[in-house]
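Fold and geometry: a report
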Number of protein chains: 2
Amino acid sequence: MVFDDAYFMKEALRQAQLAFDAGEVPVGAVVVWDNKIIGRGHNQVEQLNDATAHAEIIAITAACNHIGAKYLMEGTLYVTVEPCLMCSGAIYWSKVGRIVFGTSDPKNGYQKTTGENWPFHPKAQLSNGVMAEECAQLMKEFFAARR
Amino acid sequence: MVFDDAYFMKEALRQAQLAFDAGEVPVGAVVVWDNKIIGRGHNQVEQLNDATAHAEIIAITAACNHIGAKYLMEGTLYVTVEPCLMCSGAIYWSKVGRIVFGTSDPKNGYQKTTGENWPFHPKAQLSNGVMAEECAQLMKEFFAARR
């Protein structure tokens, strides 16, 4: 077993599939620390009737509860879709050390509003495009079925 | 009794004072709907050991629970300090109709990262500077005492 970015993004995709199956916009996230998943989340906006119940927020809260601290400087957040503005702020405040996202989100991704400005912790690292096609495909299927 | 912006900002300031008394960065918020306060919140980052437990998020969640819906289009959010990027995103997602903040926050306010871009719902209205001096004073006292 190789614990690389694709491995953990697949775990985030499993979370996204849970959201899909529940009729939620299919976004999933996991927080990894020292090659262990310490928090998982999927979009639960409809189920919780809470517009802020995004995958990243839930995964970050779970990870913080798990380690009993409010900062995740050694942690990596894997999320299937580019975080929104709210989640980019949550990632900043929880000082997530590395962010990996699958597919971009021109409609709701943070870059639409932040432009060239960096919303994360100054020392944070960012990667994107990991399993981008699979992450995007799940979103496409969801929205195609809604039309 | 006049239910104007100053009246509700004073209620937000009472929330900020609760945060101050608990050793938290003194930010408070209330959500008002039809001249009634339907949600209150103060910063509880330290108490909840959760970097995302900001006054606005707590007040919005309380308001949504109160009305049993996830959108607050008819609601006004009063917050003593300019919202951060995360909270501006939460305000967007919950479709808060009007935002009133007291004092600007050049260090952590959303405008630092969004620049000229509008982070809120396209139809949302924004006012600021309501009881700005009182809101800023509480922040100054807090940070002066920490030095």
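Definitions and cut-offs
Residues numbered from 1 in each chain as written. Chains lettered and ligands numbered in written order. Predicted model: local features only at pLDDT ≥ 70, side-chain atom pairs only at ≥ 80, totals over all residues. Heavy atoms only, no water. UniProt positions renumbered as here; feature names shortened; annotations may be inferred. Contact = heavy atoms within 4.5 Å. Buried area = accessible area lost by both parts, 1.4 Å probe. Salt bridge = Lys/Arg side-chain N within 4 Å of Asp/Glu carboxyl O. Polar contact = N/O pair within 3.5 Å; in protein donor to acceptor, adjacent residues only side chain to side chain. Helix = DSSP H or I, 4+ residues; strand = E, 2+ residues; numbered from the N terminus. Nonpolar A, V, L, I, M, F, W, Y, C, P; charged D, E, K, R; others polar. Pairing = 2+ DSSP bridges. Axes fitted to C-alpha atoms, helices over the stretch in contact; angles between N-to-C directions. Parallel < 35°, antiparallel > 145°, perpendicular 65-115°, else oblique. Left-handed = near helix turned anticlockwise from the far one by under 90°.

Under the annotation held in an unreviewed UniProt entry, chain A carries the name tRNA-specific adenosine deaminase and is attributed to Taibaiella soli. The Catalytic activity (unreviewed entry) comment attached to chain A in UniProt states, word for word, "adenosine(34) in tRNA + H2O + H(+) = inosine(34) in tRNA + NH4(+)".

Put simply, an interface is often sized by how much accessible area is lost when its parts join up. Contacts between the two partners involve 27 residues from chain B and, on the opposite side, 27 residues from chain A. A buried area of about 2,200 Å², summed over both sides, lies between chain B and chain A, and 61% of it is on carbon and sulfur atoms. The largest per-residue losses of area from chain B upon contact with chain A belong to B:Asn49, B:Lys70 and B:Trp93, which jointly make up 29% of the total buried on that side. For the interface between chain B and chain A, the tally reads 2 salt bridges. Inspection of the region where chain B meets chain A yields 8 residue pairs in polar contact (both at pLDDT 80 or more). Of all elements in the fold, only helix 2 (45-48), helix 4 (85-93) and helix 5 (111-114) of chain B reach the threshold of two or more residues within the side of chain B that touches chain A. Among the elements that make up the side of chain B that touches chain A, the one with the highest residue count is helix 4 of chain B (7 residues). Looking at side-chain class alone, the side of chain B that touches chain A contains 11 nonpolar, 12 polar and 4 charged residues.

A few words on the sheet that holds strand 2 (residues 36-42) of chain B. Note: strands within a sheet are paired through backbone hydrogen bonds, in either parallel or antiparallel orientation. All names here are of chain B. Spatial ordering of the open sheet is given by 2-1-3-4-5, a layout of 5 strands whose pairing is mixed. Every other strand in the sheet has two partners, leaving strand 2 and strand 5 (125-128) as the edge strands with one partner each. With strand direction ignored, the average angle separating the axes of adjacent strands in the sheet is 15°. Across the sheet, helix 3 (residues 55-67) touches strand 1 (28-33), strand 2 and strand 3 (76-81), and the angle it forms with strand 2 is around 145°. Relative to strand 4 (residues 98-103), helix 6 (residues 132-146) is tilted by about 60°, and along the sheet it contacts strand 3 and strand 4.

Our focus in this paragraph is the packing of helix 3 of chain B against helix 4 of chain B. Residues and elements named next belong to chain B. Helix 4 packs onto helix 3 with a crossing angle of 20° between their chain directions and a minimal axis gap of 9 Å. The orientation of helix 3 relative to helix 4 falls into the category roughly parallel. Considering the relative orientation of helix 3 and helix 4, their crossing is left-handed. Listed contacts from helix 4 to Glu-56, Ile-57 and Ile-60 of helix 3 are Met-86, Cys-87, Ala-90 and Ile-91. Of the residues that constitute the contact of helix 3 with helix 4, the class distribution is 6 nonpolar, no polar and 1 charged.

Residue and element names in this part refer to chain A. Strand order in the open sheet formed by 5 strands is 2-1-3-4-5, and the pairing between neighbours is mixed. Lying at the two open borders of the sheet, with one neighbouring strand each, are strand 2 (36-42) and strand 5 (125-128). Here the strands of the sheet are splayed against their neighbours by 15° on average, with no regard to which way each runs. Direction of pairing for strand 1 (residues 28-33) relative to strand 2: antiparallel, over a ladder of 6 bridges. Across the sheet, Trp-33 pairs through a bridge with Lys-36, a residue of strand 2. Running over the sheet, helix 1 (residues 5-21) touches strand 1, strand 2, strand 3 (76-81) and strand 4 (98-103) and is turned about 145° from strand 1. Sheet contacts for helix 6 (residues 132-146): strand 3 and strand 4; angle to strand 4, the most-contacted strand, approximately 60°.

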